[in-house]
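Residues per chain are reported as follows:
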Amino acid sequence: MARDKNEKVWIGGGAVVALLVAGAAWSFVVSPKLSHVDSLRSQTSDAQTQNLSLNANVSKLKDEYARIATVRKQLAEAQAQLPSDSGMSALTTQLSAQARANHVSITQFTATDPAPVGVASTAPAPTDSSSAAPVAGAATSAAPSGNYSIAVTLSVNGSQSNDLAFARAVQQQGPRIALASSVQLATGSAATGSGGGSGGTTMTLQLDVFVAPVAPAAPAATPTATPSTAP
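Residues numbered from 1 in each chain as written. Predicted model: local features only at pLDDT ≥ 70, side-chain atom pairs only at ≥ 80, totals over all residues. Heavy atoms only, no water.

**Things to note about the side chain of Ser155**
Structurally, Ser155 can be placed in strand E3 (residues 148–158). Judged by its relative accessible area of 4%, Ser155 is buried. If we ignore the near neighbours within four places in the chain, the residues touching Ser155 are Ser105, Ile106, Thr107, Gln108, Met203 and Thr204. (Helix = DSSP H or I, 4+ residues; strand = E, 2+ residues; numbered from the N terminus. Buried < 20%, exposed > 50% of the residue type's maximum accessible area, 1.4 Å probe, protein only. Contact = heavy atoms within 4.5 Å.)

**Brief notes about the nonpolar core**
Leu154, Phe166, Leu205 and Val209 are the most contacted members of the largest nonpolar core, which totals 19 residues. If sequence neighbours within four positions are ignored, Phe166 has contacts with Leu95, Gln98, Ala99, Asn102, Val104, Leu154, Val156, Met203 and Leu205. (Core = buried A, V, L, I, M, F, W, Y, C linked by side-chain atoms within 4.5 Å.)

**Details of the pairing of strand E5 (residues 201–211)**
E5 sits mainly inside the fold: 8 of its 11 residues count as buried. Strand direction decides the pairing type here: E3 and E5, joined by 11 bridges, are antiparallel. Each bridged residue has a counterpart across the sheet, and for Ser149 the counterpart in E5 is Phe210. Examined bridge by bridge, strand E4 (residues 178–187) and E5 share 9 bridges and lie antiparallel to one another. Bridged to Ala186 within E5 is Thr202. (Pairing = 2+ DSSP bridges.)

**Description of the confidence of the model for the protein chain**
This prediction gives the protein chain a mean pLDDT of 73; 57% of its residues lie at or above 70. Within the protein chain, the lowest mean pLDDT, 63, falls on helix H2 (residues 68–81), and the highest, 94, falls on strand E1 (residues 105–111). Within the model, pLDDT remains below 50 along residues 120–124, and this stretch shows 16 contacts once partners closer than five positions in the same chain are excluded. In this model residues 127–145 is a low-confidence stretch, pLDDT under 50, and it forms 40 contacts with partners more than four residues away in sequence or in other chains. (pLDDT = per-residue confidence, 0-100.)

Below is the structure:
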């Protein structure tokens with residue numbers, strides 16, 4: 001009987017020790033591991049969310065890069081329509097090509113200096129060889145990045161239909177933006193040049209072409225030294 005009682009005591013004690021060991025193992029080994037696994041799962045979920053966002057941004061950038069050639073072409077066209085300097089060389093080349101295409105001959109071409117649009121100013125206007133903005137210190141009431149206009153007087157000789165076709169080409173085809181403020185037709189002697197033949201007509205156009213100077217970068221602020229006070 002005593003032996004059976006001792007065995008029961010040992011068995012009970014062993015069971016208690018086993019429970020204590022299991023509790024300690026859970027508290028100090030299993031539970032931290034499970035917490036670490038939960039943390040890893042949370043980090044994995046966050047990383048997957050970030051990857052989805054990055055993939056979406058990469059796809060957007062790829063789409064934008066695929067259109068970069070179109071954007072560059074549009075920028076080049078915009079710069080040709082509204083250059084940052086007077087662009088007289090490009091303008092005369094354009095007008096000569098349009099005159100040949102419409103079978104008229106240019107008999108007169110004059111252009112004024114660029115002037116601020118709608119604003120009186122004494123600052124020098126931009127030209128092909130000068131700065132694109134008024135020089136510092138010059139008296140001016142125009143903003144440095146304001147637009148300028150150049151008044152152009154252009155006369156061509158050809159048939160009336162060809163003259164009018166040339167006028168439409170100058171105003172609508174470009175690439176340089178040109179605004180016609182006056183169109184005058186006068187029937188004269190036979191047209192000369194590529195529009196030869198009898199019944200020639202002289203057309204005089206008053207045009208405004210425009211310049212959009214690039215605003216100069218703002219100068220960096222110069223730090224001023226603070227004078228020290230002698231003791």
